[in-house]
Amino acid sequence: HAALNPLMQVGHQIAEALRGDGEMSAKASFSAAIDLLQRVGIASPDKRAKDYPHQLSGGICQRVMIAIALAGNPRLLLADEPTSALDASVRGQILGLLGQLKDEGLAIILATHDFSSVAQISDDLLVLYAGRMVERGPTETILRNPRHPYTAALIGSLPQFGGQPIPSVTVDPRKRFGGCRFSERCAYSQEHCRVE
């Protein structure tokens with residue numbers, strides 16, 4: 001809801017993104033906005049296009065945001081925590097939509113802490129800790145056999161894998177490290193981890 005203009009109908013917000021270069025008329029862009037709402041799976045898109053954000057559920061607002069992102073015909077979609085604050089059924093619908101867009105050829109970078117989302121739609125996985133890459137590879141390989149202790153700790157913290165919390169230590173990403181940034185929280189840390 002916070003990403004949408006509360007004083008503007010959602011169809012006009014999508015149309016505004018479609019008219020970015022000024023070559024499309026207001027009428028044509030609103031009609032194309034309705035088509036985009038249908039593409040992202042919103043029922044009665046012609047009616048929903050005339051609604052304001054406060055009249056829509058969080059899941060529909062998320063779909064509107066995806067429609068706005070698709071308005072420029074991107075080759076790459078950056079989805080930052082696209083399922084946060086959504087209930088399980090809506091979360092599944094959004095992931096299904098992202099999977100469908102991926103199958104249609106759209107490249108997607110999914111930034112998330114949700115490993116079940118990653119497992120569902122990701123081909124490749126890049127794990128970051130304190131702004132640094134700690135592990136990268138095929139998603140299935142990393143989830144089955146994590147090589148870095150942080151990745152293993154993340155997976156181990158999930159309820160279905162025992163729910164063991166990672167020890168809490170604040171890491172300043174501006175601090176210079178000679179070794180592994182995770183060493184202060186790592187159960188396997190040795191002296192050389194702090195310098196290499």
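It should be noted that the structure appears before, not after, this text.
Residues numbered from 1 in each chain as written. Predicted model: local features only at pLDDT ≥ 70, side-chain atom pairs only at ≥ 80, totals over all residues. Heavy atoms only, no water.

Undergrad: What am I meant to see in helix α4 (residues 58–70) here?
TA: Side chains that are three or four residues apart share a direction in an α-helix, a result of its 3.6 residues per turn. Compared with the 18 Å implied by 1.5 Å per residue over 13 residues, the 18 Å span of α4 between its first and last C-alpha is a close match. By the burial criterion, the buried members of α4 are Gly59, Ile60, Cys61, Gln62, Arg63, Val64, Ile66, Ala67 and Leu70. In this structure, the buried residues of α4 make contact with α1 (10–18), α2 (26–39), α3 (45–48) and α5 (88–103). (Helix = DSSP H or I, 4+ residues; strand = E, 2+ residues; numbered from the N terminus. Expected span 1.5 Å × (residues − 1). Buried < 20%, exposed > 50% of the residue type's maximum accessible area, 1.4 Å probe, protein only. Contact = heavy atoms within 4.5 Å.)

Undergrad: In this structure, what is going on with the nonpolar core? I would like to understand it.
TA: Generally speaking, a soluble globular protein has its nonpolar side chains buried in company with each other. Residues Ile14, Val64 and Ile66 are the most contacted members of the largest nonpolar core, which totals 32 residues. When contributions to this core are tallied by element, the ones reaching two or more residues are α1, α2, α4 and α5. Those residues within four positions of Val64 in sequence are excluded, and the remaining contacts are Leu4, Val10, Ile14, Leu37, Ile42 and Leu56. Counting residues in hydrophobic clusters, the runner-up holds 13 residues, among them Tyr129, Leu158, Phe182 and Cys186. (Core = buried A, V, L, I, M, F, W, Y, C linked by side-chain atoms within 4.5 Å.)

Undergrad: How should I be thinking about the packing of α4 against α5 in this particular structure?
TA: Between two packed helices, both the angle of their axes relative to each other and the distance between the axes serve to describe the pair. With their axes 10 Å apart at the nearest point, α4 and α5 run at an angle of 20° to one another. Between α4 and α5, the interaxial angle falls into the category roughly parallel. Our pair here, α4 against α5, has a crossing hand that is right-handed. Residues Gly59, Gln62, Arg63, Ile66 and Leu70 of α4 pack against Val90, Gln93, Ile94, Leu97, Leu98 and Leu101 of α5. By residue class, the composition of the contact of α4 with α5 is seven nonpolar, three polar and one charged. (Axes fitted to C-alpha atoms, helices over the stretch in contact; angles between N-to-C directions. Parallel < 35°, antiparallel > 145°, perpendicular 65-115°, else oblique. Left-handed = near helix turned anticlockwise from the far one by under 90°. Nonpolar A, V, L, I, M, F, W, Y, C, P; charged D, E, K, R; others polar.)

Undergrad: Explain the packing of aromatic side chains to me, please; I cannot follow it from the model alone.
TA: To describe a pair of aromatic rings, you give the distance between the ring centres and the angle between the ring planes. For the structure on display, the rule yields three aromatic pairs. Seen in terms of ring centroids, Tyr129 and Phe182 are 5.1 Å apart; in terms of plane orientation they differ by 80°. Their pairing is edge-to-face. Separated by 53 residues along the polypeptide, Tyr129 in strand β3 (residues 124–129) and Phe182 in the segment after α8 (149–156) bring together distant segments of the chain. The exposure classification of Tyr129 matches that of Phe182, with both residues buried. One aromatic cluster is present, formed by Tyr129, Tyr150 and Phe182 through successive ring pairs. (Phe/Tyr/Trp six-rings, centres within 6.5 Å; stacked < 30°, edge-to-face > 60°.)

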